[in-house]
Amino acid sequence: MIVCHCLSISDHEIRAAVKWMRAADPDTIITPGKIYHALGKRADCGGCMPLFLSTMRGCEEFGVQTAQDRPPVLRSPAPAKRAIG
Ligand code: FES
């Protein structure tokens, strides 16, 4: 389905870009601008934003993982405890 009619961007392309960005950087904040950029395009009228955002948010890979979701080797070390006294 075409989401952005100005630039002929499909829902499939948006999902693929989200998946690629998440695989490249688990901590990145994914925005419509980054997706346009990844697809080598630039937003025009912006009329597609509601559907564009909805498509992005529907992707399983859209959200940033919490520390509990990551394997132990990727978690930050626990803060050192100080001895009092
Ligand atoms: S419909 Fe997407 S920029 Fe116009």
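Going by an unreviewed UniProt entry, the protein carries the name (2Fe-2S)-binding protein and comes from Falsigemmobacter intermedius.

Attention now goes to the overall build of the protein. What the protein contains, in helices and strands, is three helices and two strands. Within the protein, buried positions represent 15% of all 85 residues. Long-range pairs, those at least 24 residues apart, make up 52% of the contacts in the protein between residues at least 6 apart in sequence.

Moving on to the environment of Val18. With respect to the element layout, Val18 can be found in helix 1 (residues 11-24). C-alpha separation for the pair Val18 and Arg57, spaced 39 residues apart in sequence, amounts to 9.5 Å. Excluding its chain neighbours within four sequence positions, the residues that come into contact with Val18 are Ile30, Ile35, Met56, Cys59, Glu61 and Phe62.

Rules of the game
- Residues numbered from 1 in each chain as written.
- Predicted model: local features only at pLDDT ≥ 70, side-chain atom pairs only at ≥ 80, totals over all residues.
- Helix = DSSP H or I, 4+ residues; strand = E, 2+ residues; numbered from the N terminus.
- Buried ≥ 20, exposed ≤ 12 C-beta atoms within 10 Å, placed from the backbone.
- Contact = placed C-beta atoms within 7 Å.

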